[in-house]
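The chain contents come next:
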Amino acid sequence: MHSEEEQIFLTYPFEGYIPEESKQKILLFKFMQYGLWLLLAKVKEQYDNNFEKYDIHRFKNAYQFMHQYQEQYEK
């Protein structure tokens, strides 16, 4: 999902304003989602080499969200 689409998707339930606590939770959920996909890809890679690039991509995304969370909320 592109950032503009994501913004529309996330602001709709909140009527245009996303509370800061919700933004923080959403970022954590993104990190966890990519972490879980990374683990799944590592398991599937044992049986199919096509998942090697997939798990690297998921790792990079999980790292990006973890780093973003640290910058925004662990000051």
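First things first, this report covers the structure right here in the doc. (Residues numbered from 1 in each chain as written. Predicted model: local features only at pLDDT ≥ 70, side-chain atom pairs only at ≥ 80, totals over all residues. Heavy atoms only, no water.)

Here's the deal with the environment of Gln64
Next up, step 1: Mapped onto the elements of the fold, Gln64 is located in helix α3 (residues 52–73).
Next up, step 2: Placed 24 residues apart in sequence, Gln64 and Leu40 show a C-alpha to C-alpha distance of 19 Å. (Helix = DSSP H or I, 4+ residues; strand = E, 2+ residues; numbered from the N terminus.)

Topic: helix α1 (residues 3–11)
Next up, step 1: Regarding α1, the residues found buried are Glu6, Leu10 and Thr11. One face of α1 carries all of its buried residues, which in axial projection span an arc of 115°. Opposite the buried face of α1, by more than 90 degrees, sit the exposed residues Glu4, Ile8 and Phe9.
Next up, step 2: Check the buried side of α1 and you find it contacts α2 (20–45). (Buried < 20%, exposed > 50% of the residue type's maximum accessible area, 1.4 Å probe, protein only. Arc of directions from axis to C-beta. Contact = heavy atoms within 4.5 Å.)

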